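Descriptive analysis of the structure
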Amino acid sequence: MPITPTPKIWMNGDLVDWDQAQVHVLTHTLHYGTGVFEGIRAYETADGPAIFRLTEHIERLFNSAKILGMTIPYTVDELIAATKATVASTGLPACYVRPLAYYGYGEMGLNTLPCQVDVAIACWPWGAYLGDDAVAKGVRMKISSWTRHDHNTMPPAAKTVGNYVNSSLAKVEALNAGYEEAIMLAPNGLVAECTGENIFVSRNGIFLTPPISAGALEGITQNSVMRIAADLGIDIRVDNIARSDLYIAEEAFVCGTAAEVSSVRSVDDREIPCPGPKTVAIAEVYAKAVRGEDPRYRDWCELAG
Ligand code: PPE
């Protein structure tokens, strides 16, 4: 998806002009994938742009860094303030936000211990991630031939830059095969997640979403959707899902910051009733919650200004 520039990018403490936010080609992370990142959305609200669950996203960035063994040279509060300043500097009512902590220029080789840690935060307008009207139309999905990382290979719970080679392989394979998104299985064959979303499947009236132990990222949208569903009286649980559960699901959806809530229309050409009534109900409340329109979830919206 093409990027539309915004005026400023935050780099190591300063808001610099978009075109000046450059790195050297010998930046360590560019060679070895040794970075951590986040994906956050700011939504238009009556009180100005509000960044959805910003604190949890920045906390997860620090957890990813901890798993990688990287020390970010800022505090959580400093990066929360920096993210708010960056969003405010765009002048946009809504945008996507990408914080990235990476090993910078100055060291080569696999030893990251002497490397300098740089941090950047960029924003740009980003529309529908899995196509317009993804709740009503639904997404055609394919089980990937690529396996999600094993916990002792590349910890899937950390949002590290290098982890996304696996996601890109799966995404491109699915697109080339005529599908819109891929579902990744863990090394033990159970369902893990999608290339950039968590997955929920309804079986026998109960929605299930795979646990971190199955190779899923601890999704902040996943967490939000579980609270919303529970408040709607929908039975929703974290539990393992087998591939066959997908084929005979009563309804299914995927969710993530970029994708929001998107229905699943089919998996490996097995049709799933779409859009499912519970999916629609959850998506409607989620759309209101992120825009500060539901008082029950107002504390999830952190104003940029
Ligand atoms: N799993 C993966 C692998 C993943 O990348 C994401 C977010 C999620 C689950 C959902 O997590 P959360 O956003 O906290 O609900 N994917 C981000 C990156 C997308 C991209 O193309 O870049 C996102 O949605 O921002």
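Residues numbered from 1 in each chain as written. Predicted model: local features only at pLDDT ≥ 70, side-chain atom pairs only at ≥ 80, totals over all residues. Heavy atoms only, no water.

Attention now goes to the packing of helix α6 (residues 220-231) against helix α8 (residues 277-290). For the pair α6 and α8, the least separation of the axes is 10 Å and the interaxial angle reads 115°. On the basis of the axis angle, α6 is roughly perpendicular to α8. With respect to the hand of their crossing, α6 and α8 are arranged in right-handed fashion. Within the contact between the two elements, α6 uses T221, S224, V225, I228 and A229 and α8 uses I282, V285, Y286 and A289. In terms of residue class, the contact of α6 with α8 is built from 7 nonpolar, 2 polar and no charged. (Axes fitted to C-alpha atoms, helices over the stretch in contact; angles between N-to-C directions. Helix = DSSP H or I, 4+ residues; strand = E, 2+ residues; numbered from the N terminus. Parallel < 35°, antiparallel > 145°, perpendicular 65-115°, else oblique. Left-handed = near helix turned anticlockwise from the far one by under 90°. Contact = heavy atoms within 4.5 Å. Nonpolar A, V, L, I, M, F, W, Y, C, P; charged D, E, K, R; others polar.)

If you look at the biggest cluster of nonpolar residues, it comprises 27 residues, and the most contacted ones within it are M70, I72, L79 and V87. Listing elements by their share of this core, those giving two or more residues are β4 (40-45), α2 (54-68), α3 (76-90), β6 (95-103) and β7 (117-124). Examining the composition of this core, we find that 5 residues originate from one element, α2, more than from any other. Ignoring sequence-local partners within four residues, the contact set of I72 consists of L61, F62, A65, L79, A101, V117 and V119. A134, L208, A249 and V264 belong to the second largest nonpolar core, which has 22 residues in total. (Core = buried A, V, L, I, M, F, W, Y, C linked by side-chain atoms within 4.5 Å. Buried < 20%, exposed > 50% of the residue type's maximum accessible area, 1.4 Å probe, protein only.)

Turning our eyes to something else, we now look at the site of the ligand. Around the ligand sit 23 residues, and of these Y96, Y129, Y164, E193 and T221 come closest. The contact in question runs from an oxygen atom of the ligand to an N or O atom on the backbone of A258, over 2.9 Å. If the ligand stood free it would expose 550 Å²; the protein chains cover 93% of that surface. For the shell around the ligand, the elements supplying multiple residues, two or more each, are α2, β6, β10 (191-194) and α6. Of the residues assigned to the shell around the ligand, the class counts are 8 nonpolar, 9 polar and 6 charged. Formed jointly, the shell around the ligand draws a minimum of three residues from each of two domains, domain 1 (8-124) and domain 2 (134-289). (Near = heavy atom within 4 Å. Polar contact = N/O pair within 3.5 Å; in protein donor to acceptor, adjacent residues only side chain to side chain. Areas by Shrake-Rupley, 256 points an atom, 1.4 Å probe, with all protein chains shown as cover. Domains from an automatic or database assignment.)

Before going further, it helps to examine the domain arrangement of the chain. The assigned domain composition of the chain is domain 1 (8-124) and domain 2 (134-289). For domain 1 versus domain 2, the separation of C-alpha centres amounts to 26 Å. Domain 1 puts 20 residues into the contact, and the matching count from domain 2 is 19 residues. Carbon and sulfur atoms supply 63% of the area buried between domain 1 and domain 2, which totals about 1,600 Å² over both sides. Among the residues of domain 1 in contact with domain 2, F37, F52 and R60 are the three that bury the most area, contributing 36% of the side total. Linking domain 1 with domain 2 are 0 salt bridges. Viewed at the interface, domain 2 and domain 1 are joined by 11 residue pairs in polar contact (both at pLDDT 80 or more). Only β3 (35-37), β4, α2 and β6 provide two or more residues apiece to the side of domain 1 that touches domain 2. Element by element, the count of residues in the side of domain 1 that touches domain 2 is highest for α2, at 6 residues. Grouping the amino acids of the side of domain 1 that touches domain 2 by side-chain chemistry returns 9 nonpolar, 6 polar and 5 charged. (Buried area = accessible area lost by both parts, 1.4 Å probe. Salt bridge = Lys/Arg side-chain N within 4 Å of Asp/Glu carboxyl O.)

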